[in-house]
Amino acid sequence: MEYLKKAINGETLATQKYSVFAEIAKKEGFANIAYLFESLTVAEKIHIKNHKNALDEDYKPENEDFTRGTTVENVKDAMDAELWENKKMYPSFIKEIKKDKKNPMQKVAQLSFEWARDVELTHHKALKIAMKYLEQGKEFDCSEIYICKVCGNLVFSKPTKICPICRHDPAFYFKVKRD
Ligand SMILES: [Fe+2]
Ligand SMILES: [Fe+2]
């Protein structure tokens, strides 16, 4: 299940990047963008958990290096990465897993990939909103972020309906704490 390991590597790198990007945003005075990056870290950890569950073996992801820039550059970098995962990475993994019929965890892995693929687009859109504010030289207007603990979907107000990605009850959403 090499693709599950690749997905775990990719999501692990994302959590490391976003934690650093949050620190940089904080130093540059963008507290709400820091909160967004911290929330994205929480969401990517949910993808890692789901992928590890599908992998069903002990696996320690490799450490990879990454570039860091200003907050504007980091938001752009994250936007592109989320879109690439949605359009390229997860669709190619889903194609692979569909061929892997003998794998007893095939269905679990496929669902984990499909949720992650769809969630990455919501992450991309959230970052795009933040970017709009940055481009106007304004602080990102965001006071609360909620995440679905099943699939990692991210929204800016308390959900009242089922999760559009994983179809779980809104009770599965939790508010990300701010420091
Ligand atoms: Fe993401
Ligand atoms: Fe969900």
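Residues numbered from 1 in each chain as written. Chains lettered and ligands numbered in written order. Predicted model: local features only at pLDDT ≥ 70, side-chain atom pairs only at ≥ 80, totals over all residues. Heavy atoms only, no water.

Novice: Describe the coordination of the iron ion (ligand 2), listing the residues and the values that go with them.
Specialist: Looking at the iron ion (ligand 2), one finds its protein donor set to be C148 (SG), C151 (SG), C163 (SG) and C166 (SG), positioned 2.3 Å from the metal centre. Of note is the iron ion (ligand 2), whose 4 donor atoms meet at the metal with angles of 101 to 119° in an arrangement that counts as tetrahedral. Here the donor residues for the iron ion (ligand 2) map to a single chain with the spacing C-x2-C-x11-C-x2-C. Of this pair, C151 sits in the loop between β1 (146-148) and β2 (154-155) while C163 sits in the loop between β2 and β3 (173-175), and the two are 12 residues apart along the sequence. Judged on exposure class, the residue C151 and its partner C163 are both buried. (Donors = N, O, S within 2.8 Å, 3.2 Å for Na, K, Ca; no water. Tetrahedral: all angles 85-135°; square planar, octahedral: opposite > 155°, others 65-115°. Helix = DSSP H or I, 4+ residues; strand = E, 2+ residues; numbered from the N terminus. Buried < 20%, exposed > 50% of the residue type's maximum accessible area, 1.4 Å probe, protein only.)

Novice: Lay out the side chain of T71 in plain terms, naming residues and giving numbers.
Specialist: Relative to the helices and strands, T71 is located in helix α3 (residues 71-99). Every residue in contact with T71, bar those within four places of it in the chain, is listed here: I24, A25, E28, F30, I33 and L134. (Contact = heavy atoms within 4.5 Å.)

Novice: How would you sum up the pattern of salt bridges? Please name residues and give values.
Specialist: Per the stated rule, a full pass over the model turns up 9 salt bridges. The salt bridge involving E57 is made with K5; its shortest N-O contact spans 3.2 Å. Linking E57 in the loop between α2 (31-55) and α3 with K5 in helix α1 (residues 2-27), this pair joins segments that are 52 residues apart in sequence. For E57, a relative accessible area of 42% puts it in the partly exposed group. Residue classification places K5 among the buried residues on the basis of a relative accessible area of 18%. A salt bridge links E96 to K99; its shortest N-O distance comes to 3.6 Å. Taken together, the residues E96 and K99, both in helix α3 and 3 residues apart, mark about one turn of the helix. Through salt bridges that share partners, E23, K26 and E38 make up one connected network. (Salt bridge = Lys/Arg side-chain N within 4 Å of Asp/Glu carboxyl O.)

Novice: Please set out the coordination of the iron ion (ligand 1) residue by residue, giving values where relevant.
Specialist: Protein-derived ligands of the iron ion (ligand 1) are E44 (OE), E82 (OE), E82 (OE), E120 (OE) and H123 (ND1), with the metal-ligand distances lying across 1.9 to 2.5 Å. Look at where the donors of the iron ion (ligand 1) fall in the sequence and you get E-x37-E-x37-E-x2-H. Highlighted residues: E44 in helix α2 and E120 in helix α4 (residues 106-135), separated in sequence by 76 residues. With a relative accessible area of 0%, E44 lands in the buried category.

Novice: Which residues make up α4, and what values do they have?
Specialist: For α4, with 30 residues, the first-to-last C-alpha span of 43 Å sits near the 44 Å given by 1.5 Å per residue. Two residues or fewer past α4, G137 is found with a positive phi of approximately 70°. (Expected span 1.5 Å × (residues − 1).)

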